[in-house]
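# Understanding the architecture of this molecule
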Amino acid sequence: MEHLTNFQSTADMQAADAAHHLHPFTDTTEINDKGARIITAANGVYINDSEGNKMLDAMAGLWCVNIGYGRNELADVAHRQMLELPYYNTFFMTSHPPVIALAEKIADLMPGDLNRVFFAGSGSEANDTNIRLVRHYWASMGKPDKRIIISRKNAYHGSSVGSGSLGGMTGMHAQGGMPIPDITHIDQPYWYAEGGDLSPEEFGLQAARALEAEIERLGIDNVAAFIAEPVQGAGGVIIPPSTYWPEIQRICDENEILLIADEVICAFGRTGNWFGSQTFNIRPDIMTIAKGLSSGYQPIGGSVISERMAKDLDAHGGEFAHGYTYSGHPVASAVALENLRILEEEKIVDTVRDETAPYLTEKWSALADHPLVGEARNIGMMGALELTPDKSARAPFASDEGTVGLICREFCFANGLIMRHVGNKMIISPPLVISKSEIDELAEKAWKCLDLTLAEVNNQGLMEVGTR
Ligand SMILES: *Cc1c(COP(=O)(O)O)cnc(C)c1O
């Protein structure tokens, strides 16, 4: 295929990138020093860089390329839609065919009574919508004091000021005046690191009951909503104990608060069902979606609200003074619709649930036999390895958090595998279309990189046990 831009040498591109491009979540000094890795093309589950390396992308980009790279159907739909109606807005009483068809399709797929979609350009924007939406909802219902949103430490809900405040990343809060008022954070259900001597089931109940205690502390008349990812993604693929979600659901049902399931990662097949809410039996009032909605081929997200909430807003809400220029963008909507058609018609989610996810579990859990791995967990097509200097104690390393994870990630890059590190956790979220033989390759490469990491960690004297 002919390239869209004339490639310069890698060094020239890196120099121009360093001179003119500010990168998200990147240390500027480091990237300018080492040079960016330049990705030029992709197909299936593989990506190519400007140096001719081919790598298995076990992160599906950023958790989003659910149907895999290189699907011509999505390009064709985008092309046709651009010619027919490249842009029109959905403000001020207007609509257009692709956004109508997409909203109807999403409502059709959604569990429970989730039925109406407010579109955004990303997950961050959708969660910003949610902050205003839940407060506007309670104000419309005559309860303007219900404003506080309870979230969790180490949650990720996006990077705008609103969604970053909902998130529980302390490193993000430290920059730029976050969190904004009226958002609080309770402990996460992270048994491996925080469960101590409790069983996972006991710990799951304890973590859930922190929500009840927080509602009591704040006063039910002041609490609008609780927001959580069914499985924390960016926090390190933290899969809650089986007792956690049923208890959270009970607490939400017994208290007058809205439950927001942030399914930006979990939705559209990631956990082995269409939605994480189905996997964990959650009945949210609002669901945040993005990423897998278009498999990353176009930027689009949304907030899906229950028919009950929608009816209340119809009756009492008046105009919601909120919207994005690109809410329900026609090209993004058409591409998302085509993506959902492919996911459904090719039974990709069914294949994940019945065949490839169980196979991944088998291969991935075998990595727990490696001397450096304290736990190997996965649910559906997402997983994590906990690196440790002492398996039996679930012990952390004495070195700075993330030192060993970073070493491992660099070995992965060098050996044709994209695995991300969160601290000393190695995480994956491959395209849902990954085949069994590609899963074999993933597991083999992961084992090899763990071996290389162990040797290097020993070499640098980093096997010392630390304290949490
Ligand atoms: C990625 C992510 C977001 C933010 O989505 P963007 O499209 O990057 O703004 C929100 N919530 C969760 C759970 C995410 O993983």
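Residues numbered from 1 in each chain as written. Predicted model: local features only at pLDDT ≥ 70, side-chain atom pairs only at ≥ 80, totals over all residues. Heavy atoms only, no water.

Let's shift gears to the pattern of salt bridges. In this structure the tally under the stated criterion is 27 salt bridges. Put simply, arginine 116 and glutamate 307 hold a salt bridge, and the shortest N to O gap is 3.1 Å. Pair noted here: arginine 116 is in strand 4 (residues 114-120) and glutamate 307 is in helix 13 (residues 307-316), with a separation of 191 residues, a long-range link. Ionic pairing is found between glutamate 338 and arginine 341, a salt bridge with its closest N-O pair at 2.8 Å. Remark: arginine 341 and glutamate 338 occur in helix 14 (residues 330-345); sequence separation between them is three residues, near one turn of the helix. Classification of glutamate 338 as buried rests on a relative accessible area of 13%. Residue class for arginine 341 comes out partly exposed when judged on its relative accessible area of 31%. Linked through salt bridges whose partners overlap, the residues forming this network are Arg209, Glu212, Glu247, Arg250 and Glu254. (Salt bridge = Lys/Arg side-chain N within 4 Å of Asp/Glu carboxyl O. Helix = DSSP H or I, 4+ residues; strand = E, 2+ residues; numbered from the N terminus. Buried < 20%, exposed > 50% of the residue type's maximum accessible area, 1.4 Å probe, protein only.)

This part covers the pairing of strand 3 (residues 54-57). Two elements, strand 2 (residues 46-49) and strand 3, share three bridges in a ladder whose sense is antiparallel. Note that in strand 3 the partner of isoleucine 47 across the bridge is methionine 55. Hairpin connection from strand 2 to strand 3: four residues lie between these consecutive antiparallel strands, with glycine 52 at a positive phi of about 85 degrees. Bridge analysis of strand 3 against strand 13 (residues 417-418) gives two bridges, and the strand direction is parallel. When the bridges of strand 13 are listed, aspartate 57 appears paired with isoleucine 418. (Pairing = 2+ DSSP bridges.)

The environment of the ligand is made up of Ser122, Gly123, Ser124, Asn127, Tyr156, His157, Gly158, Glu229, Asp262, Val264, Ile265 and Lys291. Glycine 123 places a polar main-chain atom, nitrogen or oxygen, 2.9 Å from an oxygen atom of the ligand. A distance of 3.5 Å is found between a nitrogen atom of the ligand and a backbone nitrogen or oxygen belonging to tyrosine 156. Relative to its unbound accessible area of 380 Å², the ligand is 84% covered by the protein chains. If one sorts the elements of the shell around the ligand by residue count, helix 6 (residues 123-140) sits on top with three residues. The residue inventory of the shell around the ligand, partitioned by class, reads three nonpolar, six polar and three charged. (Near = heavy atom within 4 Å. Polar contact = N/O pair within 3.5 Å; in protein donor to acceptor, adjacent residues only side chain to side chain. Areas by Shrake-Rupley, 256 points an atom, 1.4 Å probe, with all protein chains shown as cover. Nonpolar A, V, L, I, M, F, W, Y, C, P; charged D, E, K, R; others polar.)

To continue, consider the side chain of histidine 185. Relative to the assigned elements, histidine 185 resides in strand 6 (residues 183-186). Among the polar contacts made by the side chain of histidine 185, one reaches the main-chain carbonyl oxygen of serine 165 at a distance of 3.0 Å. Beyond its immediate stretch of four places on either side in the chain, histidine 185 contacts Ser151, Arg152, Lys153, Ser165, Leu166, Gly167, Gly168, His173 and Pro179. (Contact = heavy atoms within 4.5 Å.)

Next up on the list: the confidence of the model for the protein chain. Scored by pLDDT, the protein chain comes out at a mean of 97, with 99% of its residues at no less than 70. Between the elements of the protein chain, mean pLDDT differs from a low of 92, seen in helix 2 (residues 28-34), to a high of 99, seen in strand 9 (residues 286-289). (pLDDT = per-residue confidence, 0-100.)

Across soluble globular proteins, nonpolar side chains have a tendency to be buried as a group. Among the nonpolar cores identified, the biggest contains 66 residues, and Ile106, Phe268, Ile289, Leu293, Leu340 and Trp364 are the most heavily contacted of them. Counting only domains with at least three residues in this core, you end up with domain 1 (37-70 + 348-459) and domain 2 (73-345). Contact partners of isoleucine 289, with chain neighbours within four places excluded, come to Ile106, Met110, Ala126, Val264, Ala267, Phe268, Gly301, Gly302 and Val304. In terms of nonpolar packing, the next biggest core, distinct from the first, is built from 39 residues, Met59, Ala207, Val223 and Ala384 among them. (Core = buried A, V, L, I, M, F, W, Y, C linked by side-chain atoms within 4.5 Å. Domains from an automatic or database assignment.)

It is worth spelling out the state of the cysteines at this point. Counting across every chain of the model gives zero disulfides. Free cysteine: cysteine 412, not disulfide-bonded; nearest cysteine sulfur from cysteine 449 at 4.1 Å. Look at cysteine 412 and you get buried, because its relative accessible area is 0%. (Disulfide = S-S within 2.5 Å.)

As a further point, take helix 16 (residues 403-414). Here helix 16 is twelve residues long and its end C-alpha atoms lie 17 Å apart, about the 16 Å a rise of 1.5 Å per residue gives. Along helix 16, the positions that sit buried rather than exposed are Val404, Gly405, Ile407, Cys408, Cys412 and Phe413. Against the buried residues of helix 16 lie strand 3, strand 12 (382-387), strand 13, strand 14 (420-422), strand 15 (425-428) and helix 17 (436-459). Glycine 416 occupies a position one or two residues after helix 16 and carries a positive phi of about 80 degrees. (Expected span 1.5 Å × (residues − 1).)

The next subject is unusual backbone geometry. Here the amide bond leading from methionine 178 into proline 179 is cis, since omega sits at -5 degrees, within 30 degrees of zero. Look at methionine 93: it is not a glycine, yet its phi comes out positive at around 70 degrees. Within the element layout of this structure, methionine 93 appears in the loop between helix 4 (72-84) and helix 5 (97-109).

Across the six residues of strand 7 (residues 223-228), six count as buried, placing the element largely inside the fold. Relative to strand 7, strand 5 (residues 148-152) runs parallel, the two being bridged by three bridges. By the bridge assignment, isoleucine 150 is partnered in strand 7 with phenylalanine 226. As defined by bridge partners, strand 7 adjoins strand 8 (residues 258-262) across four bridges and the pair is classed as parallel. Bridging from a neighbouring strand, isoleucine 227 pairs with isoleucine 260 of strand 8. Of the crossover connections in this fold, the one passing from strand 7 over helix 11 (residues 244-254) to the parallel strand 8 is right-handed. (Right-handed = clockwise from strand over helix to strand, strands pointing away.)

Before going further, it helps to spend a moment on the sheet that holds strand 5. Strands sit in the order 4-10-9-8-7-5-6 across an open sheet of seven strands; the sheet is mixed. For this open sheet the edge positions go to strand 4 and strand 6, each flanked by a neighbour on one side alone. Across the sheet, the mean angle separating the axes of adjacent strands is 25 degrees when strand polarity is ignored. Docked against the sheet, helix 10 (residues 200-218) engages strand 5, strand 6 and strand 7, running at close to 145 degrees with respect to strand 6. (Axes fitted to C-alpha atoms, helices over the stretch in contact; angles between N-to-C directions.)

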